[in-house]
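Residue-level structural notes
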Amino acid sequence: MCPLDPSLGSAAPVRRAVTVEQPAPTLRALRIRNGARPDSTVAWCPYCEDVHHHGTGGGRRAAHCVREESPCRVTGYSLDVQGEAEAPHDVVPAALLAGRHRLSDALDGVSAEIRAAILRGVLGKRRAGPAFELRVDRARVSVIGESWWIDLDAFPARPELRSAPVPPSRTLSGRGLINLLAVLYGIPRGDVVMRLLHAVAPGAFDASGWLEISAAAEASIERRDAGEGGAR
Ligand SMILES: [Zn+2]
């Protein structure tokens, strides 16, 4: 055990350890008065799109995030107490009250359809539903949910492909749309990310932005893959 601050006495509130090497996002927080009981702190989390409840005061905390993709689950977050609230709901950004559903929930509901639409576009075939089994040159691509695999077609329909050498063994299965597109098209995963972003928001990035975001995306995917490989 390694206390973050040796001066903390036994009366200090018990907090779960957080990873302090990485900078943590700052969340806007409000104080709630609870009568005779200690004040509590509520914060709006943009990653979970939900209110997280904490004890008295601001500062660095272990995250209460439930969504797997929230970076705060690793870094924790810092609560910036900006005033008081009557009720926890007061910390919800006002703009969200215009919609009944959270954006993340809406996107979760259609994510399979979005992936299917992208696959239909880049693989050049039409097929209904989120599960695919498509031919691309000598490859037969199968996708079910997040998992995919590529079989080499021993009897390709196009005659010019029949004499093409069969590629040596390599990773022909995996998980995730970005990995699949990187293997199929032979481009770095960071570039896949940028091409997807460019498809939905053309012209949003200049050249240096493209390089920086691409490199950051590649590094992030590598870290994630390494983490998943080590943890399972
Ligand atoms: Zn959260």
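Residues numbered from 1 in each chain as written. Predicted model: local features only at pLDDT ≥ 70, side-chain atom pairs only at ≥ 80, totals over all residues. Heavy atoms only, no water.

1. Concerning the nonpolar core
Just so we agree on the cut-off: Take the buried Ala, Val, Leu, Ile, Met, Phe, Trp, Tyr and Cys residues and link them wherever side-chain atoms come within 4.5 Å; each set so joined is a nonpolar core. Three exposure classes are used, based on accessible area relative to the maximum for each residue type with a 1.4 Å probe and protein chains only: buried under 20%, partly exposed in between, and exposed over 50%. Secondary structure is summarised from DSSP: a helix means a run of H or I of at least four residues, a strand means a run of E of at least two, and numbering begins at the N terminus for each.
Counting residues in each nonpolar core, the largest one holds 15 residues, and the members touching the most others are Leu-119, Phe-132, Val-143, Ile-150 and Leu-180. At the level of elements, α2 (103–123), β6 (132–136), β7 (139–144), β8 (147–152) and α3 (177–185) are the ones that each hand at least two residues to this core. Counting 10 residues, the second largest nonpolar core, distinct from the first, contains Cys-45, Cys-48, Cys-65 and Leu-79.

2. So, the coordination of the zinc ion
This is how it is decided: The rule for donors is simple: an N, O or S atom within 2.8 Å of the metal counts, and for Na, K and Ca the reach is 3.2 Å. Water is not among the atoms, so a site may look short of donors. Any site counts as irregular unless it has four donors with all angles between 85 and 135 degrees, making it tetrahedral, or four or six donors with opposite ones more than 155 degrees apart and the rest between 65 and 115, making it square planar or octahedral.
Looking at the metal site, the zinc ion is ligated by Cys-45 (SG), Cys-48 (SG), His-52 (NE2) and Cys-65 (SG), spaced 2.1 to 2.3 Å from it. Considering all 4 donor atoms around the zinc ion, angles at the metal cover 104 to 115° and the coordination shape is tetrahedral. Look at where the donors of the zinc ion fall in the sequence and you get C-x2-C-x3-H-x12-C. Of the two residues, Cys-45 and Cys-48, both sit in the buried class.

3. Structural notes on the sheet that holds strand β4 (residues 59–61)
For clarity, the threshold we go by: Being paired, for any two strands, means DSSP has found at least two bridges between them. Note on geometry: axes are lines fitted to C-alpha atoms, helical ones only across the stretch in contact, with angles between N-to-C directions running from 0 to 180 degrees.
Taken in spatial order, the 5 strands of this open sheet run β3-β2-β1-β5-β4, and their pairing is mixed. For this open sheet the edge positions go to β3 (50–54) and β4, each flanked by a neighbour on one side alone. Averaged over all pairs of adjacent strands, the angle between their axes in this sheet comes to 40°, without regard to strand direction. Note: β4 against strand β5 (residues 77–85), 3 bridges, orientation antiparallel. Following the sheet pairing, Gly-59 is matched in β5 by Leu-79.

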